[in-house]
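Observations on the three-dimensional arrangement
This is what each chain is made of:
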Amino acid sequence: QVQLVESGGGLVQPGGSLRLSCAASGFTFSRYAMSWYRQAPGKERELVATITSGGGSTTYADSVKGRFTISRDNAEKLVYLQMNSLKPEDTAVYYCKGVVRFRDYWGQGTQVTVSS
């Protein structure tokens, strides 16, 4: 079955960097676009970044443009989110999402906390 497993979250100081990873299994990874979302306490889940199946096109939320980079390795079935210049407002649980055969699949999430 489809599985998405995130890793790489943690506590980082403002201005620091983290790289999140999402390992995919159970579907033909290279055929599907992938996205990262985040949800801060008391807020709605929001789309952070999306990458097309081949990795040739990416889109970002305005709040992270220029600081975050989404990428993927289709051979290893991994999608990444490189986060630089982190701010306290980036604190959230970050989720990997894929839409496979018209159904949404989510990972369990990984906590990112930006604090001094």
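All values derive from a computational prediction rather than experimental measurement. (Residues numbered from 1 in each chain as written. Predicted model: local features only at pLDDT ≥ 70, side-chain atom pairs only at ≥ 80, totals over all residues. Heavy atoms only, no water.)

Thoughts on the state of the cysteines
- This structure, assessed with the given rule, holds one disulfide.
- Residue pairing for Cys 22: its cysteine sulfur links by disulfide to Cys 96, the two sulfurs lying 2.2 Å apart. Across the S-S bond of Cys 22 and Cys 96 the torsion is about -80°, and the bridge reads as left-handed. Of this pair, Cys 22 sits in strand 3 (residues 18–25) while Cys 96 sits in strand 9 (residues 92–100), placing them 74 residues apart in sequence.
- Owing to a relative accessible area of 0%, Cys 96 belongs among the buried residues under this scheme. (Disulfide = S-S within 2.5 Å. Helix = DSSP H or I, 4+ residues; strand = E, 2+ residues; numbered from the N terminus. Buried < 20%, exposed > 50% of the residue type's maximum accessible area, 1.4 Å probe, protein only.)

Quick notes on the pairing of strand 7 (residues 68–73)
- A one-sided burial pattern is seen for strand 7, the buried positions being Phe 68, Ile 70 and Arg 72 and the unburied ones Thr 69, Ser 71 and Asp 73.
- As judged from the six bridges shared by strand 7 and strand 8 (residues 78–83), these two strands associate in the antiparallel manner. Note on strand 8: the bridge partner recorded for Thr 69 is Gln 82. (Pairing = 2+ DSSP bridges.)

Here we look at the environment of Ser 57
- Relative to the helices and strands, Ser 57 resides in the loop between strand 5 (46–51) and strand 6 (58–60).
- Residues Ser 57 and Ser 85 lie 28 residues apart in sequence; the distance between their C-alpha atoms is 22 Å.
- The contacts of Ser 57, once residues within four sequence positions are left out, are Thr 50, Ile 51 and Thr 52. (Contact = heavy atoms within 4.5 Å.)

Things to note about the packing of aromatic side chains
- Using the criterion set out here, one finds four aromatic pairs in the structure.
- When the ring of Phe 27 is compared with that of Tyr 32, the centres are 5.8 Å apart and the planes differ by 65°; the resulting orientation is edge-to-face.
- When its relative accessible area of 17% is taken as the criterion, Tyr 32 is described as buried.
- Here the aromatic rings of Tyr 95 and Trp 106 are separated by 6.3 Å at their centres, their planes lie at 90°, and the arrangement is edge-to-face. Here Tyr 95, found in strand 9, pairs with Trp 106, found in strand 10 (residues 103–106); they are eleven residues apart in sequence, far enough to count as distant.
- Residue Tyr 95 is classed as buried on the basis of its relative accessible area of 13%.
- Chaining the aromatic ring pairs together yields one cluster made of Phe 27, Phe 29 and Tyr 32.
- When the ring centre of Trp 106 is taken as reference, the NZ or CZ atom of Arg 45 above it lies at 4.5 Å. (Phe/Tyr/Trp six-rings, centres within 6.5 Å; stacked < 30°, edge-to-face > 60°. Lys NZ or Arg CZ within 6 Å of the ring centre and 35° of its normal.)

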